[in-house]
Amino acid sequence: MRTSIPVSLLAAQLVFTGAVDAHPWSHEADEHARRCDYADDIDAFDHIFYIMMENHGTDEIIGNTTDAPNINQWARRYGVATNYYGVTHPSLPNYLAAISGDFQGIWDDCKAGADVTCAPEEFVPDSGDATSSLLLTPAEIVSATSKPHWFDGANIVDQLEARRLTWKAYMQSIPGTASTVEYAPVDIVNGVPVPRKVYAQKHNPFMYFSDIRNRPERMQQIVPFDEFERDLQSNEIPNFVWISPDQCHDMHGISAANAAAVGIPDCAAPASGLDHKVIALGDQFLKTTIDAIMHSKAWHKNSAIVVVWDEDDYAGFAGCCESPTGTGGGVLGGAHAPAIVITSRGEYHQSVAVPYNHYSLLGTIQRLWRLGCLGETCRMDDDDLMLPLFVGR
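So, here is what we can say about the structure in this document. Bear in mind that the values here come from a model prediction, so they are computed numbers and not experimental data. Within any chain, residue numbers begin from 1 and follow the written order of that chain's sequence. Owing to the predicted nature of the model, reporting of local features is limited to residues with pLDDT of at least 70; listing and counting of side-chain atom pairs is limited to 80 or more, with chain, interface and lining totals taken over all residues. Working from all heavy atoms in the structure, the side-chain values ignore hydrogens and water.

## Things to note about the sheet that holds strand β2 (residues 79–81)
Two strands make a pair as long as DSSP finds a minimum of two bridges between them. Under the scheme used here, helices are H or I runs from DSSP no shorter than 4 residues and strands are E runs no shorter than 2 residues, and both carry numbers assigned from the N terminus. Across the sheet, which stays open at both edges, the eight strands sit in the order β7-β4-β8-β1-β9-β10-β2-β11 with mixed pairing between neighbours. The strands lining the two open edges of the sheet, one partner per strand, are β7 (222–224) and β11 (350–352). On average, each strand axis in the sheet is tilted by 20° relative to the strand beside it, whichever way the strands run. Sheet topology places β2 next to β11; three bridges connect them, and they run parallel. In this analysis, axes come from line fits to C-alpha atoms, helices being fitted only over the stretch in contact, and the angle between any two N-to-C directions falls in the range 0 to 180 degrees.

## Section: the packing of aromatic side chains
Only rings of Phe, Tyr and Trp enter the pairing, Trp through its six-membered ring, and a pair is recorded when the two centres are within 6.5 Å. The plane angle decides the type: under 30 degrees is stacked, over 60 is edge-to-face, the rest tilted. Inspection of the entire model under this criterion finds twelve aromatic pairs. With a centroid separation of 5.9 Å and 75° between ring planes, the pair formed by Phe 45 and Phe 390 is classed as edge-to-face. With Phe 45 in the loop between α2 (26–35) and β1 (47–53) and Phe 390 in helix α14 (residues 387–391), this residue pair connects regions lying 345 residues apart in the sequence. Buried, partly exposed and exposed residues are distinguished by accessible area as a fraction of the type maximum, computed with a 1.4 Å probe on protein chains only: under 20%, between the cut-offs, and over 50%, respectively. On the accessibility criterion, Phe 45 (0% relative accessible area) is buried. Ring geometry for Phe 49 versus Phe 228: centroids 6.3 Å apart, planes at 85°, classification edge-to-face. Of this pair, Phe 49 sits in strand β1 while Phe 228 sits in helix α10 (residues 226–233), and the two are 179 residues apart along the sequence.

## Here we look at the environment of Ala 271
Position of Ala 271 among the secondary structure elements: in the loop between α11 (256–261) and α12 (276–294). Residue Ala 271 is classed as exposed on the basis of its relative accessible area, which comes to 89%. Taking the C-alpha atoms as reference points, Ala 271 and Ser 255, 16 residues apart in sequence, are found 9.4 Å from one another.

## Things to note about the nonpolar core
We define the nonpolar core as a collection of buried residues of types Ala, Val, Leu, Ile, Met, Phe, Trp, Tyr and Cys that are connected through side-chain atoms lying within 4.5 Å of one another. Counting 66 residues, the largest nonpolar core has Phe 206, Ile 222, Trp 242, Trp 369 and Phe 390 as its most contacted members. Among the elements that line this core, the one with the most residues is helix α5 (residues 91–100), at six residues. Those residues in contact with Ile 222 that lie beyond four places of it in its chain are Trp 167, Ala 169, Met 171, Ile 174, Thr 177, Ala 178, Asn 204, Phe 206, Met 207 and Ile 212. Within the second largest apolar cluster, 33 residues are counted, among which are Ala 75, Ile 279, Ile 305 and Val 307. We call two residues contacting when some pair of their heavy atoms lies within 4.5 Å.

Honestly, that's just the spatial picture; any functional story needs more than this.
Rendered as structure tokens:
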């Protein structure tokens, strides 16, 4: 198992050896890194924990102390981005954007595969939600519908490994390391497979990139969440930690029938109204996970925890920061979503109203670790990044 590398040691190694792997995108990335060279007072982080939650607007979580008391406690004590957005709708393109700087030109939640193509689910007349009032262009529909869900562009894994930084993606309820299933668990009912959808591949963006899927050593870094506590206790936590809770603990929810079948009735998404019990499950998952991080050896180093939601619950489509545009130039955004940053430097509450989204967060991580840029993050300067929430100024 690869262990994390202290960033101070990494920096020294790079100075003396210049050992950085070559990639087709490295010239553009290094060009951006030179333009955005570190200020002397920004110390790189040894660990960044990235937790992606699901489908709630900022006003459904921040201020909701009944269902989400722990989240609101962190929001009062640490950093909050009050004007954070999803890049677009639905979930999958937000996850892709978060690790590649590109939503990959799709508007669906389909499984990964070189032979998988899907028509857009959102920003079309029959979407069944608010996005039907702002439409994709005919060209966008044609392009998205024919696009295989097997992307060959660069992603954060390429950048981390080029800088000799370690990474791992912890997926709650995935059946096993490197599993490529779309949903889990799957029950057999009257001879028919019934996916219960606790784990959903659409929340695992690493499965959609060919240079991860085609490299077994990278696939071995996509593991069940059960390994997270063991890695914390053994002090083998990587530099970059991605955590996708399952759909019963990321605030997404599943059908009442599936929730009953898996023995988590509170995971049932209600037919209408706010999903109070689903929010509470997610809040408790975050408390357990964040408490474990804060009591680990990794937290005594220079570490940060980022908790963001992929998009709102389809009540809106506002966006910013290079979100796609559709008919008439309207922004096809993912609307306001919560974003909280906690660092091991101690409690330092601040609310930042600058518009941010998943591209901004990716660009910030790239900036802190001198990774260069990818896709839309190459358009961003320091003023566009979430640095104030990480460096406390």
